Amino acid sequence: MATTCVIREVSKHVGAEVRIGCWLHNKRKSGKIQFLQLRDGTGFMQGVAVKTELSEEAWEAAKSLTQESSLYVTGVVREEPRSKSGFELTVTNVEVIQITQDYPITPKEHGVDFLMDHRHLWLRAPKQRAVMAIRGQIIAAVQQFFNDRGFTLMDPPILTPSSCEGTTELFHTKYFEEDAFLTQSGQLYMEAAAMALGKVYSFGPTFRAEKSKTRRHLIEFWMIEPEMAFVDHDENLRVQEQFVSHIVQSVLTNCKSELETLERDTSKLEKVVGAFPRITYDDAIKFLQEKGFDIPWGEDFGAPHETAIAEQYETPVFITHYPTKIKAFYMKPDPSNPDVVLCADMIAPEGYGEIIGGSQRIDDPELMAERFREHDLAAEAYQWYMDLRKYGTVPHSGFGLGLERTVAWICGLDHVRETIPFPRMLYRLYP
Ligand code: 4AD
Ligand code: MG
């Protein structure tokens, strides 16, 4: 009896007969030999079916296979240095589950809209599989990083009564008789969690009704948000550089074949270790003006500005101390200059833009109350948040890493739409 096996594990079965549930990715015939490109989700592998060594029935079954037909293949695992996986299957039997007719995604080139309409099938393509495997590895690395450092995973709510990152991009819904919004960020709840457990992080979906149709924006994206009691701005940045280095190095170690499938230049990723450079907003503005950008002090950076700054470095770079008036209400002003806040955006190299936004939070109840008035935020809705400053306030900091932008950067993709299984974008809610 052949052992049941998956492609990723065939190396453990060299010389043995195995049975694998799979799909036909592609097929090539040369006289009395059929070369079956098989995929089973864990990897890709070639099966070699030789007419003279197979039953008539098995040979005909192999012949009937079309692209994306499903089958059980049985065969003997052989080492094959010329193949990408290092192994090959000498086919001994083929059991057809279904012969697929007219699979829409053929090996020819398709437009992005067509592929997006068929996202449920496009996910099977080698490149898309590689991106999803790397996304999974990034998530595993995130969990490992925080587990090793005594953080507790806490889940903030998805349905919320108020906003975290400004009111213009909220997704509105009815909550029985009340109004509710899909969360933009779990941060405010994570601040409460940090006062209860010290070091916490969340990992969940966040929603922004942003009318931006760029290669960096999704309507629904996943964020990792750590929050740490008794941690100041400086230490916050140190955690971030260790965190991002750990993620990148973990993908380099564990996803070699996927990075190869994506033809990623890994020498660029290898440099992402150690301390990252820091530049203040003031210096960034001066630098941009010298480069000929027409940007006055006090304006926020757009993608071209971020790219120009990031080009100066091989690792991600922190831009710190943004003007108070362009940042969120909860950020702590710099005690030596209250016109700027103790915050940082982490900008990824190679033009991938901001992957982290973070800050030290206001811990003074009076200043917080003032900010609520300035930002026109209803005090009743944030009563509970004020309580965190009223009952044992402490210095604390945190940040949010956008998962999809991180995946795009590490995979070297042009657009975030390929970084999430089913992207939600300005003009796309299907499939
Ligand atoms: O800079 P942002 O808005 O920060 C916050 O939400 C804070 N409350 C986080 C915190 O301190 N706990 O968003 C954080 C990150 C960005 O740097 C970016 O990577 C990602 O979330 N992001 C998006 N990713 C995809 N599509 C969008 N529309 C995004 N908006 C933000
Ligand atoms: Mg931001």
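Residues numbered from 1 in each chain as written. Chains lettered and ligands numbered in written order. Predicted model: local features only at pLDDT ≥ 70, side-chain atom pairs only at ≥ 80, totals over all residues. Heavy atoms only, no water.

Side note on the pairing of strand β17 (residues 343-348)
Defined as follows: We call a residue buried when its accessible area falls under 20% of the maximum for its residue type, exposed when it is over 50%, and partly exposed in between, using a 1.4 Å probe and counting protein chains only. Under the DSSP-based scheme used, a helix requires at least four consecutive residues in state H or I and a strand at least two consecutive residues in state E, with every element numbered from the N terminus. Being paired, for any two strands, means DSSP has found at least two bridges between them.
Summarising burial for β17: 6 of the 6 residues are buried, a large majority. Burial of β17 is two-sided: the residues Cys-343, Asp-345 and Ile-347 facing one way and the residues Ala-344, Met-346 and Ala-348 facing the other way are all buried. Pairing between strand β14 (residues 317-320) and β17: 4 bridges, direction antiparallel. Residue pairing in the sheet places Thr-320 in a bridge with Ala-344 of β17. Here β17 pairs with strand β18 (residues 353-360) via 6 bridges, running antiparallel. The residue bridging Met-346 from the neighbouring strand is Ile-356, located in β18. Hairpin connection from β17 to β18: 4 residues lie between these consecutive antiparallel strands, with Glu-350 at a positive phi of about 60°.

Concerning empty space enclosed by the protein
The gaps of empty space that remain are located by a probe, the size of a water molecule, rolled over the atoms. To be explicit about the condition: Buriedness of a pocket was judged along seven lines, with at least five required to meet protein on both sides within 12 Å; pockets are open sets of points on a 1 Å grid over the protein atoms alone, cavities are sets where a 1.4 Å probe fits but cannot get out, and lining residues have an atom within 4 Å of a point. Grid points are joined across faces, edges and corners, and a volume is the space filled by probe spheres set on the points. Residue polarity follows a fixed list, in which Ala, Val, Leu, Ile, Met, Phe, Trp, Tyr, Cys and Pro are nonpolar, Asp, Glu, Lys and Arg are charged, and the others, Gly among them, are polar.
Throughout the structure, instances matching the rule amount to 2 cavities of 30 Å³ or more. Considered as a void within the structure, the largest cavity measures approximately 70 Å³ in volume. Taken together, Thr-160, Ser-162, Ser-163, Cys-164, Leu-182, Thr-183, Gln-184, Ser-185, Leu-188, Tyr-189 and Trp-384 make up the full set of residues lining the largest cavity. Grouping the amino acids of the lining of the largest cavity by side-chain chemistry returns 5 nonpolar, 6 polar and no charged. Put simply, the second largest cavity is a space of about 50 Å³. Of the residues belonging to the lining of the second largest cavity, the class tally is 4 nonpolar, 2 polar and 4 charged.

A look at the side chain of Gln-137
Condition: Note on contacts: a residue pair qualifies if any of its non-hydrogen atoms lie within 4.5 Å across the two residues.
Here Gln-137 is to be found in helix α4 (residues 126-148). Overall, Gln-137 belongs to the buried group, its relative accessible area being 19%. Excluding residues within four positions of it along the chain, Gln-137 makes contact with Ser-250, Val-251, Asn-254 and Cys-255.

What about the pattern of salt bridges?
Pairing of side chains with opposite charge becomes possible as their charged atoms draw close. Our working definition: Throughout this description, the term salt bridge denotes a Lys or Arg side-chain nitrogen within 4 Å of a carboxyl oxygen of Asp or Glu.
This model, assessed by the stated rule, comprises 25 salt bridges. Among the salt bridges present, the one from Arg-129 reaches Glu-258, with a minimum N-O distance of 2.9 Å. Here Arg-129, found in helix α4, pairs with Glu-258, found in helix α7 (residues 256-261); they are 129 residues apart in sequence, far enough to count as distant. Here Arg-129 matches Glu-258 in class, with each residue buried. With its nearest N and O atoms 2.8 Å apart, the salt bridge here joins Arg-216 to Glu-306. Residue Arg-216 is located in the loop between β11 (199-207) and β12 (220-229), and its partner Glu-306 is located in helix α10 (residues 303-310); the two are separated by 90 residues in the primary sequence. Taken together, the shared-partner salt bridges in this structure form one network comprising Arg-39, Glu-68 and Arg-124.

Focus: the packing of aromatic side chains
Our working definition: Two rings from Phe, Tyr or Trp (for Trp, the six-membered ring) form a pair when their centres sit within 6.5 Å of each other. Planes less than 30 degrees apart are called stacked, planes more than 60 degrees apart edge-to-face, and all others tilted. The criterion is that NZ of a Lys, or CZ of an Arg, lies within 6 Å of the ring centre and within 35 degrees of the ring normal, and then a charge sits over that ring.
Counting across every chain of the model gives 21 aromatic pairs. Measuring from ring centre to ring centre gives 5.1 Å for Phe-145 and Phe-243, while their planes differ by 55°; the resulting arrangement is tilted. Linking Phe-145 in helix α4 with Phe-243 in helix α6 (residues 233-254), this pair joins segments that are 98 residues apart in sequence. Summarising the burial analysis for this pair, Phe-145 and Phe-243 share the class buried. Positioned above the aromatic ring of Tyr-72, the side-chain terminus of Arg-19 is 4.1 Å from the ring centre.

So, the domain arrangement of the protein
Note the following rule: Note that the domain bounds were set by an automatic or database domain assignment. Any pair of nitrogen or oxygen atoms within 3.5 Å is treated as a polar contact; in protein, a donor-acceptor pairing is required on top of that, and neighbouring residues in sequence qualify only through side-chain atoms on both sides.
For the protein, the assigned domains are domain 1 (3-98) and domain 2 (119-419). Between the C-alpha centres of domain 1 and domain 2 the distance comes to 45 Å. With 9 residues of domain 1 at the interface, the matching set in domain 2 holds 6 residues. Our count for the domain 1 to domain 2 interface comes out at 1 salt bridge. Ionic pairing is found between Arg-124 and Glu-68, a salt bridge with its closest N-O pair at 2.9 Å. Linking domain 1 with domain 2 are 3 residue pairs in polar contact (both at pLDDT 80 or more), by the criterion used here. Its residues placed into classes, the side of domain 1 that touches domain 2 shows 2 nonpolar, 4 polar and 3 charged.

A look at the site of ligand 1
Here is the rule: Here a residue is considered near a molecule or strand provided that any single heavy atom belonging to it is located within 4 Å of it. Note on areas: these come from Shrake-Rupley sampling with a 1.4 Å probe, and a residue is covered only by the protein chains present in the view.
Contacts to ligand 1 come from 22 residues, most closely from Glu-165, Gln-187, Glu-210, Glu-225 and Glu-354. The contact in question runs from an oxygen atom of ligand 1 to an N or O atom on the side chain of Arg-208, over 2.8 Å. Within the side chain of Glu-225, a nitrogen or oxygen atom sits 2.7 Å from a nitrogen atom of ligand 1. Compared with its free state, where it exposes 640 Å², ligand 1 has 94% of that area covered by protein. Mapped by element, the contributors of at least two residues to the shell around ligand 1 are β12, β18 and β19 (396-402). Taken together, the residues of the shell around ligand 1 sort by class into 7 nonpolar, 7 polar and 8 charged.

Some thoughts on unusual backbone geometry
Note the cis peptide between Tyr-430 and Pro-431, where omega equals 0°. By secondary structure assignment, the location of Pro-431 is in the segment after α13 (403-411). A positive phi angle, near 55°, is found at His-321, a position not held by glycine. Tracing the chain through its elements places His-321 in the loop between β14 and β15 (333-334). The residue Asp-376 is not glycine, and still its phi comes out positive at about 60°.

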